[in-house]
Structures are given as structure tokens and as C-alpha cells.
Amino acid sequence: MEAPSVKPPSWSTVMLFVLSMLLSISNGLMPPVAMLNKLSGSTNYLTTNQLWFNQTLDHFSPYDHRWFEQRYYELLDHFRSPDGPIFLRICGEYTCDGIPNDYLGVLAKKFGAAVVSLEHRYYGKSSPFKSLSTENLKYLSSKQALFDLAIFRQRYQESLNLKLKRGDAENTWFVFGISYPGALSAWFRLKFPHLTCGSLASSAVVQAIYNFTEFDQQIGVSAGPECKAALQETTQLVEQRLASNAKAVKTMFDAAELEIEGDFLYFLADAAVTAFQYGNPDKLCTPLVEAKNAGEDLVDAYAKFVKEYYLGSFGASVQTYNQKRLKNTAVTDQSADRLWWFQVCTEVAFFQVAPANDSIRSSKVDTRYHLDLCKNVFGEGIYPDVDSTNIYYGGTKIAGSKIVFTNGSQDPWRHASKQTSSPDMPSYLITCHNCGHGTDLRGCPQSPLTPEGDAQNCSSPDAVHKVRQQVIEKIDLWLSECQSVGWRSSM
């Protein structure tokens, strides 16, 4: 095992470490607004000014006192000092380059809130180790990530009090997340109800699923009969051509380097998924249906979509699907793929397998393909313990409170989310033609970024506005309840 970049501090450095945690946060607590705007450098982010926090490596060991540097961001443009709320935006399975300029910025302005965002351990610049070997990945889990958030929340509050020269005061906190961070948002409220007044769990995948057949089925529903039939025919044609000349058909999609057939078929399935998941269904369905009706080659039409949209404007990479690259243990700007597959292969699965009947994706994208990938990339004995994950968090039967769940009607991931309301945990479905993943915060389309999460390009802006108003009402209610009962006793 390669030596980690974290080191066990001596007792003499522990006290310096504690003080530095406070000072490293408080030094950057209130940068000038002009500097924040200058550093952001893009309308896609409200700030990209990096700050650092010393985080515990293993929250579950009383003997391991190693720590690593974890990156975070803060936005104080709208903060109503000293007692305004603090919005904790959770970053997830990707490099966290700043605080995005989506609807959360609008909410921060409305509520006079500060926004802080912590990069997920191992991702981006928050890697504890210089090597991402399977052994070194044992501290990568949602459980460790939740404790990261809890410790960061406490230290940030302490640093704010230090900066404002006040005692043991508590601002009201509210947690936000989309997708896997949406699940973390719900689980944070579940596990640490004393640390947040509530949470927004947008497109939150709280139910770990072994064989996620509903995923492909939702793509069929979202596509509609004509587009679904065209996609299914395309899959059949691709499979036929793979059997006769695999290299030629892979080259058509600029994916000749995907030697494993399952990797290539997974790549083709994912390309279609993104059109519906991120609010661009017409970019896929319009040209494909037109090609089918005109008697043109569907594989040619689909290859054009994949190269121009999925690999082009959307920005996906063929290498994401290459198991040879997924085995690379070096820390690079492409490490997120390996890291997320580790979480998939150990905690949540979400194996996007083909249903037994009427599937869009190839039937070769099955359970065996996923298990073989986990074994090939990470070694023997690596498989997702889905039952333990759902027992620990509750899945869609999560027994939490003051959590808002939101989902987009076209999003295949909504079938891993909580879609029924229960007492103190409302669930809202935003229904429209291009309402996908995180529509409530991202607007339409969901990718590329729509500044301030503008909903004007959603096929039904009123549907988005209605859910946003319901979310605002819950945030307002739960923040006020925290204030009325006294924050420290708030549950």
C-alpha cells in the first residue's frame, strides 16, 4: 500500500491543528464582494474562490487520528450578518469547482443566507491519498461523507462566531443537494437532525437498487412510442453490426478504444439517457425519428447524435466507459469515474440493467456485466451491499422529518427517490416534457447550466414555479420553527 498523504499528528500539533481549523476558515470568512466576483471568472459560478479545511480521515476509528485537506467554498454576497441562515450545498461524485449559479443563489438572496459548499472526500482536490488503490478507497463511503459534513458544519459555525466575536451562538442551517448529494442531504437530516433545520433532497437517490430495471423503462416512457421504437431498432442494428465488424461500428461512434463489448454498449445506452435526464429530449428524438421515417440508416443518425451532442456539446468522454482507464489508480482530473464506480460497487449498485422485455438498451448490459466490471476494476470480493445500505438509511421508507423531496417527471433516477409524501416529508413531482434531474434548482435544460435555474425554457414553467413556491414555504416554515424554539433544542 502506498503511503497516504495524510499523517498522524503528534499531540503537540493537535492543539495547533484545532486552532488552524478555525483560523483557516475564518481568514476567508468575509472576502470583499468584488474579489468574489473577480475570482468566479464565469457566469456559471457564483464563486470559485477555494478555501481549505482539515478533515478527519476515519470518523469511525478512535485510534486513527490522521487527517487530510478538504476543499470548500463560501458565498457571503447575500448574508444577513450576523444571524442570517447558512445554506450548506453538498457537492458529490465530481470535482467541485465552485458554487454554481443556479436557483440556490436566488434562494440565498431571498432568505439573506450565506452559502457554503464542501467538496466530497476523494473527489477533485480533496483526495486523502496519492494513490487510489482499492485498499486506499476503504474510507470512501456515504457514511464517512456525512460525518465530513457534520464536522465541517460545526467548525464553520465556530469560525463564524470567532469572526463575529460572539460566544456560543448558532445560525440556522439548511442543507441542499441534487442526485447523490440529494440523498446525502436527506441522510444528513436523518442522521444529524440537531445540525440542520431541514433539507432539500432534489432528485435524491435514497433507495439503493441492485438491478435497476426501472431506469431503462423510464427512458422508454420519456421517449414516447416513436422515439422508443427508433432507439430499440438502433440497438438491434448495432448488435448485428458488432457481430460482423465490431471495429467498424465502434469507429462510427469515435469509440474504437472500448475493447470490451459491454463497455461500448453501456456507452451507447448512456448517451440516450442524458438527453432525457438533463432536459434535451428533442436533440435525440427529433433527428432519430426523422431518420426512421425517411428510411435512413438509424445507426448513422444515432452516431451523429452521440458525436455532436453527447461527446460534443454535453462534454462526455469515451474514456469514462473504458475499464482499462477505470483501473488507473493515479490521482488525476479524470479520477471521479473510478471513485464513483467504487461507491456503486460497494454501496448503492444502481446497476442499469436491461429489463427482461421491451428494453431499449442491449440485453448484454446485464447484472453479470456490472459484477465483472467491479471485479475487474477493484479486485475480488468487491460487490454492492445494497441491503445494508437500505437498512442503514431506510431507502424510500426513510424515517426522517423536515425533508423536501423533488423529482422531474422525465428523470429515470426518480425511481430511486422518495416519490410519495409522508408526514413532515413532502414529495413533489415536476411534470413537463423536459423536466429532468434537479429541475427545481437547475431549471431547463438541466445541462448545460441555465443561469439562476431559469425555468422559462421548461415546457411548463408554471409546474416548476409551483414546486419552487412549495419548497420556499417549507424552508421559511422550518427556519422559523428553529428560531422560535431555540436552535440548540430544535428537532
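Reference entry: report on the structure contained in this document. Per-chain numbering applies: the sequence of each chain, read as written, is numbered from 1 onward. Under the rules for a predicted model, residues below a pLDDT of 70 receive no local features and side-chain atom pairs below 80 are neither given nor counted, while totals for whole chains, interfaces and linings still include all residues. Note that water and hydrogens are dropped before the side-chain values are worked out from all heavy atoms of the structure.

### Points about the sheet that holds strand β8 (residues 199-202)
Whether parallel or antiparallel, the strands of a sheet pair through hydrogen bonds between backbone atoms.
Here comes step 1: A pair of strands counts as paired when DSSP detects no fewer than two bridges linking them. Here a helix means four or more residues in a row that DSSP labels H or I, a strand means two or more in a row labelled E, and each is numbered from the N terminus. Across the sheet, which stays open at both edges, the eight strands sit in the order β2-β3-β6-β4-β7-β8-β11-β12 with mixed pairing between neighbours. If you trace the sheet from one side to the other, it starts and ends with β2 (51-56) and β12 (427-430), each paired once. With direction set aside, neighbouring strand axes in the sheet form an average angle of 25 degrees.
Here comes step 2: The pairing of strand β11 (residues 403-408) with β12 spans four bridges and is parallel. Bridge assignment links Phe405 to a residue of β12, and that residue is Ser427. Here the axes come from fitting lines to C-alpha atoms, over the contacting stretch only for helices, and the angles between their N-to-C directions go from 0 to 180 degrees.

### Some points on the packing of helix α3 (residues 103-111) against helix α15 (residues 461-485)
Here comes step 1: At their nearest, the axes of α3 and α15 sit 12 Å apart, and the two run at 45 degrees to each other. Classified by the angle their axes make, α3 and α15 are oblique. Crossing of α3 against α15: the hand is right-handed. For the pair α3 and α15, contact is made by Tyr103, Leu107, Lys110 and Phe111 and by Arg468, Ile472, Ile475, Asp476 and Leu479, respectively.
Here comes step 2: Each residue gets one label: Ala, Val, Leu, Ile, Met, Phe, Trp, Tyr, Cys and Pro are nonpolar, Asp, Glu, Lys and Arg are charged, and the others, such as Gly, are polar. Tallied by class, the residues present in the contact of α3 with α15 amount to six nonpolar, no polar and three charged. An angle below 35 degrees is treated as roughly parallel, one above 145 as roughly antiparallel, one from 65 to 115 as roughly perpendicular, and anything else as oblique. Handedness of a helix crossing follows the sense of rotation of the near helix relative to the far helix, less than a right angle counterclockwise being left-handed and clockwise being right-handed. The contact criterion used throughout is that any non-hydrogen atoms of two residues lie within 4.5 Å.

### A word on the nonpolar core
Here comes step 1: If you look at the biggest cluster of nonpolar residues, it comprises 115 residues, and the most contacted ones within it are Leu231, Phe253, Phe264, Phe267 and Tyr302.
Here comes step 2: Among buried residues, those of type Ala, Val, Leu, Ile, Met, Phe, Trp, Tyr and Cys that are joined through side-chain atoms within 4.5 Å constitute a nonpolar core. Throughout, exposure labels follow a simple rule: accessible area from a 1.4 Å probe, protein chains only, divided by the maximum for the residue type, with under 20% read as buried, over 50% as exposed, and the rest as partly exposed. Counting 36 residues, the second-largest nonpolar core is a separate cluster that includes Cys432, Cys435, Ala455 and Val467.

### Focus on unusual backbone geometry
Here comes step 1: The omega torsion across Ser81 and Pro82 is 5 degrees, close enough to zero to call that bond cis.
Here comes step 2: With respect to the element layout, Pro82 can be found in the loop between β3 (67-75) and β4 (86-90).
Here comes step 3: The step from Cys444 to Pro445 runs through a cis peptide bond, and the omega angle for that step is -10 degrees.
Here comes step 4: Looking at where Pro445 falls in the secondary structure, it is placed in the loop between α14 (439-442) and α15.
Here comes step 5: Positive phi, close to 55 degrees, is recorded for Asp254, a residue that is not glycine.
Here comes step 6: Following the sequence through the fold, Asp254 ends up in the loop between α6 (213-252) and α7 (261-277).
Here comes step 7: Residue classification places Asp254 among the partly exposed residues on the basis of a relative accessible area of 45%.
Here comes step 8: Notably, Glu452 is not glycine yet its phi reads approximately 60 degrees, a positive angle.
Here comes step 9: Relative to the assigned elements, Glu452 resides in the loop between α14 and α15.
Here comes step 10: Glu452 gets classed as partly exposed once you look at its relative accessible area, which sits at 48%.

### Things to note about the pairing of β8
Here comes step 1: Every second residue of β8 is oriented toward a common face, with Ser199 and Ala201 on one face and Leu200 and Ser202 on the other, all of them buried.
Here comes step 2: Alignment of strand β7 (residues 173-178) against β8, held across four bridges, turns out to be parallel. Bridging from a neighbouring strand, Ile178 pairs with Ser202 of β8.
Here comes step 3: In this fold, β7 hands off to helix α5 (residues 180-191), which returns the chain to β8; that crossover is right-handed.
Here comes step 4: Of the pairings in the sheet, the one linking β8 to β11 comprises four bridges and is parallel in character. Its bridge partner lying in β11, Ala201 is registered against Phe405. When the strands point away from the viewer, a crossover counts as right-handed if the path from the first strand over the helix to the second runs clockwise.

### Section: α7
Here comes step 1: Each residue after the first adds 1.5 Å to the expected span of a helix. Given a rise of 1.5 Å per residue, 17 residues ought to cover 24 Å, and the 24 Å separating the end C-alpha atoms of α7 matches this to within 8%.
Here comes step 2: Burial analysis of α7 places 16 of its 17 residues in the buried class, the great majority of the element.

### A few points about the environment of Lys474
Here comes step 1: Looking at the element boundaries, Lys474 is found in helix α15.
Here comes step 2: With relative accessibility at 25%, the residue Lys474 sits in the partly exposed group.
Here comes step 3: Measuring from C-alpha to C-alpha, the distance between Lys474 and Ser126 comes to 33 Å, with 348 residues separating the pair along the chain.
Here comes step 4: Not counting chain neighbours up to four residues away, the residues in contact with Lys474 comprise Val404, Pro426 and Tyr428.

### Regarding the packing of α6 against helix α9 (residues 298-313)
Here comes step 1: Contact geometry for α6 and α9: axes closest at 9 Å, N-to-C directions at 80 degrees. What the angle tells us is that α6 and α9 run roughly perpendicular. Of the residues in α9, those in contact with Ala230, Leu231, Glu233, Thr234, Leu237, Val238, Arg241 and Met252 of α6 are Leu298, Val299, Asp300, Tyr302, Ala303 and Lys307.
Here comes step 2: Taken together, the residues of the contact of α6 with α9 sort by class into nine nonpolar, one polar and four charged.

### Remarks on the packing of aromatic side chains
Here comes step 1: Only centres within 6.5 Å qualify two rings of Phe, Tyr or Trp (six-membered ring in Trp) as a pair; their planes then separate them into stacked at under 30 degrees, edge-to-face at over 60, and tilted for everything else. Throughout the structure, instances matching the rule amount to 37 aromatic pairs.
Here comes step 2: Pairing Phe267 with Tyr310 gives two aromatic rings, centres 6.0 Å apart and planes at 40 degrees, and the pair type is tilted. In this pair, Phe267 sits in helix α7 while Tyr310 sits in helix α9, placing the two residues 43 residues apart along the sequence. With respect to class, Phe267 is no different from Tyr310; both count as buried.

### With respect to α5
Here comes step 1: Between its first and last C-alpha, α5 extends 16 Å over 12 residues, near the 16 Å set by a 1.5 Å rise per residue.
Here comes step 2: Counting buried residues along α5, 11 of its 12 residues qualify, which places the element largely inside the surrounding structure.
Here comes step 3: Residues of α5 that are buried include every one of Tyr180, Pro181, Gly182, Ala183, Leu184, Ser185, Ala186, Trp187, Phe188, Arg189 and Leu190, and no others.

### Comments concerning the pattern of salt bridges
Here comes step 1: The rule for a salt bridge is simple: a side-chain nitrogen of Lys or Arg has to be within 4 Å of a carboxyl oxygen of Asp or Glu. A complete count under the given rule lists 20 salt bridges for this structure.
Here comes step 2: Here Asp148 makes a salt bridge to Arg121, at a shortest N to O gap of 2.7 Å. Taken together, the residues Asp148 in helix α4 (residues 142-163) and Arg121 in the loop between β6 (114-118) and α4 connect sequence positions 27 residues apart. For the residue pair Asp148 and Arg121, the accessibility class agrees, reading buried in each case.
Here comes step 3: Two residues, Arg361 and Asp216, come together in a salt bridge whose shortest N-O distance is 3.1 Å. Here the residue Arg361 occupies a position in the loop between β10 (349-351) and α12 (367-378), and Asp216 occupies one in helix α6, the gap between them amounting to 145 residues.
Here comes step 4: Judged by its relative accessible area of 4%, Arg361 is buried.
Here comes step 5: The class for Asp216 is buried, based on a relative accessible area of 4%.

Taken by themselves, the reported measurements are silent on function.
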